[in-house]
Amino acid sequence: MVLVLVEHADGKAIDPSLQTLTAARSFGEAVHGLLIGSSVDLSAHGVAVAHVAQHASLDSFAPDAWAAIIVQLADRLKARAIFAAGTDRGNEVMARVAARMQLPLATNCTAVATGSPVTLTRQRWGGSLLEESALHSPRPLVTVAPHTVAIALYPAATTVEEFTPQLTEQELAVKVLERVSNKGGGVSLAEAKVVVSGGRGVGSKEGFAIIEDLASLLGGAVGCSRVVTSAGWRPHSDQVGQTGTKVSPELYIACGISGATQHMAGCRGAKRILAINADAEAPIMQNADYAVVGDLKEIVPAISAELRKSRAVHAPLPGPLPEGERG
Amino acid sequence: MVLAADSMSLETRHLGFTISPHEECGVEEAVRLIEASGGESVVLTLGPIEAAEQLRDAMAIGIDRAIHLQTDGGEWDPESTAAAIVDAVGAEESASGPFDLIFFGNESADAGGFQVGLRVARGLGRPAVTGVKKVTVEGTSVRCEQEVDGGRDVYVVPMPAVVTVKEGLNLPRYPSVPGRMRAGRKPVAVSAPARTQARLELERLVVPAGQGRRAELLGSGPSAAPAVVEMMRRIGVA
Ligand SMILES: Cc1cc2nc3c(=O)[nH]c(=O)nc-3n(C[C@H](O)[C@H](O)[C@H](O)COP(=O)(O)OP(=O)(O)OC[C@H]3O[C@@H](n4cnc5c(N)ncnc54)[C@H](O)[C@@H]3O)c2cc1C
Ligand SMILES: Nc1ncnc2c1ncn2[C@@H]1O[C@H](COP(=O)(O)O)[C@@H](O)[C@H]1O
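No experiment lies behind these values; they were computed from the predicted model shown.

Some remarks on the overall build of chain B
Looking only at helices and strands, one finds 6 helices and 10 strands in chain B. Considering only intrachain contacts with a sequence separation of at least 6, the fraction spanning at least 24 residues in chain B is 65%. Of the roughly 11,500 Å² that chain B leaves accessible, carbon and sulfur atoms contribute 53%. The distance from the centre of the 24 positive side-chain charges to the centre of the 32 negative ones in chain B is 4 Å.

Focus on the site of ligand 2
Residues and elements named next belong to chain B. In the vicinity of ligand 2 lie 14 residues, with Glu23, Leu46, Gly105, Ser108 and Phe114 positioned nearest. Between ligand 2 and the protein, one listed contact pairs a nitrogen atom with a backbone N or O atom of leucine 46 at 2.8 Å. Between an oxygen atom of ligand 2 and a main-chain N or O atom of phenylalanine 114, the distance comes to 2.8 Å. Mapped by element, the contributors of at least two residues to the shell around ligand 2 are strand 1 (42–47) and strand 3 (101–105).

Some details on the confidence of the model for chain B
Within chain B, residue pLDDT values average 94, and 98% of them lie at 70 or more. Scoring the predicted complex yields pTM 0.94 and, for the interface, ipTM 0.96.

A few points about the environment of B:Ser37
All names here are of chain B. Following the sequence through the fold, serine 37 ends up in helix 1 (residues 21–37). For the pair serine 37 and serine 96, spaced 59 residues apart in the sequence, the C-alpha separation amounts to 18 Å. A polar atom in the side chain of serine 37 sits 2.8 Å from the backbone oxygen of leucine 33.

Digging into the interface of chain B and chain A
Contact residues are listed per partner, giving 74 residues for chain B and 84 residues for chain A. Across the chain B/chain A interface, buried area totals approximately 6,700 Å², and carbon plus sulfur atoms make up 55% of it. Area buried by chain B at its contact with chain A is led by B:Met1, B:Arg199 and B:Arg213, which between them contribute 11% of it. The tally of links between chain B and chain A comes to 8 salt bridges. A salt bridge links A:Glu132 to B:Arg204, with the shortest nitrogen-to-oxygen separation between them at 2.9 Å.

Things to note about the sheet that holds strand 5 (residues 141–148) of chain B
Across the sheet, which stays open at both edges, the 6 strands sit in the order 12(A)-6(B)-5(B)-4(B)-7(B)-3(B) with mixed pairing between neighbours. Every other strand in the sheet has two partners, leaving strand 12 (178–181) of chain A together with strand 3 of chain B as the edge strands with one partner each. This sheet shows a mean twist of 40 degrees between the axes of neighbouring strands, independent of strand direction. Taken together, the 4 bridges between strand 12 of chain A and strand 6 (residues 151–158) of chain B define a ladder with antiparallel strand orientation. The partner of A:Glu178 across the bridge, within strand 6 of chain B, is B:Val154. The strands that helix 3 (residues 88–101) of chain A touches are strand 12 of chain A together with strand 4 (128–138), strand 5 and strand 6 of chain B; relative to strand 4 of chain B, the one it contacts most, it runs at about 90 degrees. Packed onto the sheet, helix 4 (residues 116–124) of chain B meets strand 3, strand 4 and strand 7 (161–165) of chain B and runs at close to 155 degrees relative to strand 3 of chain B.

So, the environment of A:Thr148
Residue and element names in this part refer to chain A. Along the chain, threonine 148 falls in the loop between strand 10 (141–144) and strand 11 (159–163). Take threonine 148: its relative accessible area is 33%, and that puts it in the partly exposed class. Each residue touching threonine 148, except ones within four places of it in the same chain, is listed here: Cys109, Thr110 and Gln123. At a separation of 2.8 Å, a polar atom in the side chain of threonine 148 contacts the main-chain carbonyl oxygen of alanine 145.

Considering the pairing of strand 1 of chain B
The side chains of a regular strand alternate, first on one face of the sheet and then on the other. Residues and elements named next belong to chain B. Examined bridge by bridge, strand 1 and strand 2 (residues 65–70) share 6 bridges and lie parallel to one another. Of the residues in strand 2, the one forming a bridge with glycine 47 is glutamine 70. Taking the sense of rotation as the criterion, the β-α-β connection linking strand 1, helix 2 (residues 52–60) and strand 2 turns out right-handed.

Considerations on the site of ligand 1
In the neighbourhood of ligand 1, 29 residues make up the surrounding shell, with A:Arg200, A:Ser225, A:Ser258, A:Gln262 and A:His263 lying closest. Taken together, the residues near ligand 1 originate from chains A and B. At 2.7 Å, a side-chain N or O of A:His263 approaches an oxygen atom of ligand 1. Burial of ligand 1 by the protein chains amounts to 80% of its free accessible area of 990 Å². Residue assignment for the shell around ligand 1 shows that the elements contributing at least two residues are helix 5 (226–230), helix 6 (261–267) and helix 7 (296–314) of chain A. Within the shell around ligand 1, the residues separate by chemical class into 10 nonpolar, 14 polar and 5 charged.

Focus: the packing of helix 2 (residues 63–77) of chain A against helix 3 of chain A
All names here are of chain A. Packing of helix 2 against helix 3 leaves a shortest axis separation of 9 Å and a crossing angle of 60 degrees. One element, helix 2, and the other, helix 3, form an angle in the oblique class. By crossing handedness, the relation of helix 2 to helix 3 is classed as right-handed. The segment helix 2 lies against helix 3, with Pro63, Asp64, Trp66, Ala67, Ala68, Ile70, Val71, Ala74 and Asp75 engaging Arg89, Glu92, Val93, Arg96, Val97, Arg100 and Met101.

Re the domain arrangement of chain A
Residues and elements named next belong to chain A. Here chain A is described as being made up of domain 1 (2–172) and domain 2 (194–314). Summarising the inter-unit geometry, the C-alpha centres of domain 1 and domain 2 are found 36 Å apart. Residue-level contacts link 4 residues of domain 1 with 5 residues of domain 2. Between domain 1 and domain 2, the buried area comes to about 370 Å², and carbon and sulfur atoms account for 45% of it. Summed over the three residues of domain 1 that lose the most area to domain 2, namely Trp125, Gly126 and Ser128, the buried surface amounts to 91% of that side. Summed over the shared surface of domain 1 and domain 2, the result is 0 salt bridges. Applying the counting rule to domain 1 against domain 2 returns 3 residue pairs in polar contact (both at pLDDT 80 or more).

Conventions adopted
- For every chain, the first residue of its written sequence is number 1, and the numbers climb from 1 along that sequence.
- Throughout, the order in which chains and ligands are written sets their labels, letters from A for the former and numbers from 1 for the latter.
- Selection of residues for local features in this predicted model requires a pLDDT of at least 70, selection of side-chain atom pairs for listing and counting requires 80 or more, and totals for whole chains, interfaces and linings are taken over all residues.
- The basis for the side-chain values is all heavy atoms of the structure; hydrogens and waters are excluded.
- In this description a helix means any DSSP run of H or I spanning at least four residues, a strand means any run of E spanning at least two, and both kinds are numbered starting from the N terminus.
- Pairs of residues are marked as contacts when any of their non-hydrogen atoms sit within 4.5 Å.
- Each accessible area is a Shrake-Rupley result for a 1.4 Å probe, and residues are judged covered by the shown protein chains and nothing else.
- When charges are counted, neither His nor the chain ends are considered; positive counts come from Lys and Arg and negative counts from Asp and Glu.
- Taken as the charge location is NZ of Lys, CZ of Arg, CG of Asp or CD of Glu.
- We call a residue near a molecule or strand whenever a single non-hydrogen atom of that residue lies within 4 Å of it.
- Here a polar contact means two N or O atoms within 3.5 Å. Within protein one must be a hydrogen donor candidate and the other an acceptor candidate, and residues neighboring in sequence count only if both atoms are side-chain atoms.
- Known as pLDDT, the predictor's confidence for each residue is given on a scale from 0 to 100.
- As a working definition, buried area equals the accessible area (1.4 Å probe) given up by two parts on being put together, with both sides summed.
- Any carboxyl oxygen of Asp or Glu that lies within 4 Å of a side-chain nitrogen of Lys or Arg is treated as forming a salt bridge with it.
- When DSSP finds at least two bridges between two strands, those strands are taken to pair.
- For helices, the axis comes from a line fit to the C-alpha atoms of the stretch in contact; other axes are also lines fit to C-alpha atoms, and the angle between any two N-to-C directions lies between 0 and 180 degrees.
- Exposure categories follow from relative accessible area, calculated using a 1.4 Å probe and restricted to protein chains: below 20% of the type maximum is buried, above 50% is exposed, and the middle band is partly exposed.
- The handedness rule is simple: strands pointing away from the viewer, and a clockwise path from the first strand over the helix to the second, make the crossover right-handed.
- Classification used: nonpolar for Ala, Val, Leu, Ile, Met, Phe, Trp, Tyr, Cys and Pro, charged for Asp, Glu, Lys and Arg, polar for all others including Gly.
- An angle below 35 degrees is read as roughly parallel, one above 145 as roughly antiparallel, one from 65 to 115 as roughly perpendicular, and any other as oblique.
- Two helices cross in a left-handed way if the nearer one is turned anticlockwise from the farther one by less than a right angle. They cross in a right-handed way if the turn is clockwise.
- Each domain's extent was defined by an automatic or database domain assignment.

Printed below as a string of structure tokens:
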């Protein structure tokens, strides 16, 4: 059997974990799920046994404790391989498992084939490059890159078993003590339906006023390139890319951004990309769906004006909709 | 991305090497901590002869000295890398006492293994916190803030500790000319560790297939605005 760490939130398994359950089935063995803290229904995802680990000290995330739980359960079940999603948490916990078991770990895999050795494809450079590798290990440890494997439903009769781990003080020494919530409203960059992003071409901190205006008209969030954060024009929390936030909006508007691979690593998940660039040959043009060539300082305000104008025409008569509601 | 002829590495002839963003923030944080509280900072890399330049860059912004674990240029797997770093840190510490903090990048920009820092922490028997965007030393402990969806998770662990960091931790400074001159005189300890057989064995690099996007030109200059808004209405975002 193979053991899969299943992360869950709000009573549901997260999508990257469901994708991982699909990937784990390619080993052709029974799949067991490990849930930490509480149980969620996994019967649509081919899970033979869902192990629910519970412990008084697991009220908040403790990565060494999670690793200890995985090792204890995998040993007890004689798991042939262990999988987790390539999320921040999945990668962290599996690296700790690998360090404990003194075994190799392949992170962010997009394909895995059973065999000896296991052959796999994994992401480098935030997904801009792929690597084909052989994993020589008595117990392959694998994380699956989020959103690279489609969830395939596979109904199964899942039995649920409780698991009580033995945890030492040392394993609980690294533990989340408090969660500080992001204050301020605003649309979260990672979840925005529209992201209006500015690069070096915006020219200055003040230049972002037209980017902000368009973003707020569209009910979206402002993003930017690394050149912009390095110049101090915007905070790093606005940066899109390999070392910034990964976004997946309906529309990503890249204004004065050349389209470096490390930037595209953050917006590859966008449904559509509109590039506004003075250079018709900029690399972003090969990665965009729509393009406008010219000076963003003229084009962006013209789009905002056009939106206002068309809303004045299309807007419903004054009624129950609050001002600024999207049409 | 352009591959070398054997598909085992990137064609780097036209690329410069730099310290990657996460690690650059780690270097900057070390310099700031030492400026604030005194002590010594050391930078370490495992890499080919050319990597000496990045060690100089780190010393140019204020790191005191460097350790260069020299390789013949081939890529090392994460297990071998971590083992060599554990050995080097161990040797260093038996001579001059433990490092209170060891910073790593959360993940390397190229291989993206997400593991070397955690393997080293385990090898040295130290607590480790990952993905850190704020570090505060509080007496003999370190408070770490890790960015998560919707906020930040706070950890406090005793030192000595390992902290893996992400870009955004700070805004790294640029080296000054006097800083560069001083860096030229700072010591670099060079050694060549032995490499063990990789168990995660790279066979070939592949450039992913393009997404088949070909931008549809909506126009040039501000007169394109109506076509843009029309597109936005069509896809339901305006
Ligand atoms: C390890 C690593 C990680 C990285 N991570 C990230 C990351 O997370 N995010 C990121 O963004 N970058 C990242 N980078 C940096 C990346 O490689 C590029 O340097 C960066 O994305 C370039 O930013 P830019 O497009 O704004 O600037 P440039 O590449 O300088 O492009 C500016 C563009 O603006 C256009 N322009 C100029 N003036 C105007 C105007 N008036 N109107 C219209 N267009 C105009 C130009 O034609 C050009 O195409 C990373 C690099 C490395 C090595
Ligand atoms: N060759 C190396 N030399 C020094 N540090 C390294 C090396 N490889 C990885 N690291 C450190 O380990 C971190 C994680 O690397 P990785 O596990 O490859 O994602 C990097 O951000 C670096 O801080």
